[in-house]
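Commentary on secondary and tertiary structure
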Amino acid sequence: MKTVIIHGQSHKGSTYHAAHILAGRLGGEIQEFFLPKDFGEFCTGCCACFTRSESLCPHAGRLNPIREAMDAADVIVLASPVYVMRATGPMKAFLDHFGARFMVHRPQQAMFSKQGVCISTTAGAGSGNALRDMAASLFWWGVGRIYKAGFTVRAVNWSQVTDKKKAKIERRMDQIAAKVRARAGHVRPSLRTRLTFLLVRLLRRILPGDVDKEYWASQGWLGSARPWRGSRAPQG
């Protein structure tokens, strides 16, 4: 099993440790990136990814290593502490670069067979908001199964977190790891994901032709093909 962890911060605090507890439970190959150290560019709003190709993004060179790691992974972990009631700015800036991969545009077939985990810790409040920020992107990418874990640790670094709270984090990571392992190799997207895909399919059949519709046609999705069936590699 291959796991990629995208950290929404570059320091190794409570969220980092929670993500590593999960990674340890999952085992296998682990690759991780730290934002903004490994990627910290803001989307310029040029729309090149939407209208032509994501390869034309002005930041594609720096983004490609992370994109390729996510494409190759079985599990994508997005981990962000809470900054002013939301996910971190670097995490948001990172996710902004993947709008063209939303189901309404050009989702990657491989995403539908992946699992995603969103992890957030906070000293006070806001973990639910941060989790929603990250889970929204995983859902619209088409990630088959998504799990969320948020913790109020009442501390600003891992050494201050009580043993009781650390034990709670470990129990939750055990639960998620068991679910991920149980579905490994045979992920079926959630009903919500499949219904959303089918709704977008109807819209794509009706809307005028553009680069998105051409992509859907090339995948066979305007016909009987579905991204959660078979193993045909995505095109485009």
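Here, the structure is the one placed above.
Summarised in this report is the structure supplied together with it. All values reported here derive from a predicted model rather than from experimental measurement.

**Examining the sheet that holds strand β4 (residues 115-122)**
Ordered in space as β2-β1-β3-β4-β5, the 5 strands form an open sheet in which the pairing is parallel. Each edge of the open sheet is held by one strand with a lone partner, namely β2 (29-34) and β5 (145-152). Going from strand to strand, the sheet's axes swing by 15° on average, the running direction of each strand aside. Pairing of strand β1 (residues 2-7) with strand β3 (residues 75-79), which is carried by 5 bridges, proceeds in the parallel orientation. Residue pairing for β3: H7 is matched across the bridge by A79. In the packing of helix α6 (residues 163-183) onto the sheet, contacts are made with β3, β4 and β5, and the angle to β5 comes to roughly 180°.

**Some thoughts on the nonpolar core**
In this structure, V4, I6, L78, M91, F94 and W141 are the most contacted members of the largest nonpolar core, which totals 27 residues. Of all the elements in the fold, those that place two or more residues in this core are β1, α3 (60-72), β3, α4 (89-96) and α5 (127-141). Counting residues in hydrophobic clusters, the runner-up holds 24 residues, among them I5, I21, W158 and V180.

**Regarding the pairing of β4**
With 8 of 8 residues buried, β4 is to be regarded as a mostly interior element. Alternating residues of β4 divide into Q115, V117, I119 and T121 and G116, C118, S120 and T122, and every residue in both groups is buried. As paired elements, β3 and β4 share 5 bridges and run parallel to each other. Bridging across to β4, V75 finds its partner in Q115. As for the winding sense of the linkage, the β-α-β connection from β3 through α4 to β4 is right-handed. The pairing of β4 with β5 spans 8 bridges and is classified as parallel. Its bridge partner being in β5, G116 is matched across the sheet by I146. This β-α-β element, β4 to α5 to β5, shows right-handed connectivity.

**A short note on the side chain of H97**
One can find H97 in the loop between α4 and β4. Classification of H97 by relative accessible area gives buried; the value is 7%. Here A93 takes part through its backbone oxygen, which lies 2.8 Å from a polar atom of the side chain of H97.

**A closer look at the pattern of salt bridges**
Under the defined criterion, the tally for this structure stands at 12 salt bridges. With a closest N to O distance of 3.3 Å, D38 and K37 form a salt bridge. Of the residues examined, D38 reaches a relative accessible area of 24% and is grouped as partly exposed. Taken together, the shared-partner salt bridges connect E54, R67, D71 and R101 into one network.

**Some points on the packing of helix α1 (residues 14-26) against α6**
It is at 9 Å that the axes of α1 and α6 come closest, and there the two elements cross at 40°. In terms of their interaxial angle, α1 and α6 are classed as oblique. The interaxial crossing formed by α1 with α6 has right-handed handedness. Contacts between α1 and α6 pair A18, I21, L22, R25 and L26 from the former with I169, E170, M173, D174, I176, A177, V180 and R181 from the latter. Split by residue class, the contact of α1 with α6 holds 9 nonpolar, no polar and 4 charged.

**As for the pairing of β3**
When you tally the buried positions in β3, you get 5 out of 5 residues, the bulk of the element. On β3, burial covers both faces: V75, V77 and A79 on one face and I76 and L78 on the other are all buried.

**Things to note about the packing of aromatic side chains**
Summed over all chains, the structure comprises 14 aromatic pairs. Summarising the aromatic geometry, the rings of F112 and W228 are spaced 6.2 Å apart at their centres and angled 50° between planes, so their arrangement reads as tilted. Of this pair, F112 sits in the loop between α4 and β4 while W228 sits in the segment after α8 (211-219); the two residues are 116 residues apart in sequence, bridging distant segments of the chain. There is no split in this pair, since F112 and W228 are both buried. Put simply, the rings of F112, F197, Y215, W216, W221 and W228 touch in pairs and so form one group of aromatic residues. The ring of F139 carries R192 above its face, with NZ or CZ at 3.8 Å from the centroid.

Conventions we followed
- Residues numbered from 1 in each chain as written.
- Predicted model: local features only at pLDDT ≥ 70, side-chain atom pairs only at ≥ 80, totals over all residues.
- Heavy atoms only, no water.
- Pairing = 2+ DSSP bridges.
- Helix = DSSP H or I, 4+ residues; strand = E, 2+ residues; numbered from the N terminus.
- Axes fitted to C-alpha atoms, helices over the stretch in contact; angles between N-to-C directions.
- Contact = heavy atoms within 4.5 Å.
- Core = buried A, V, L, I, M, F, W, Y, C linked by side-chain atoms within 4.5 Å.
- Buried < 20%, exposed > 50% of the residue type's maximum accessible area, 1.4 Å probe, protein only.
- Right-handed = clockwise from strand over helix to strand, strands pointing away.
- Polar contact = N/O pair within 3.5 Å; in protein donor to acceptor, adjacent residues only side chain to side chain.
- Salt bridge = Lys/Arg side-chain N within 4 Å of Asp/Glu carboxyl O.
- Parallel < 35°, antiparallel > 145°, perpendicular 65-115°, else oblique.
- Left-handed = near helix turned anticlockwise from the far one by under 90°.
- Nonpolar A, V, L, I, M, F, W, Y, C, P; charged D, E, K, R; others polar.
- Phe/Tyr/Trp six-rings, centres within 6.5 Å; stacked < 30°, edge-to-face > 60°.
- Lys NZ or Arg CZ within 6 Å of the ring centre and 35° of its normal.

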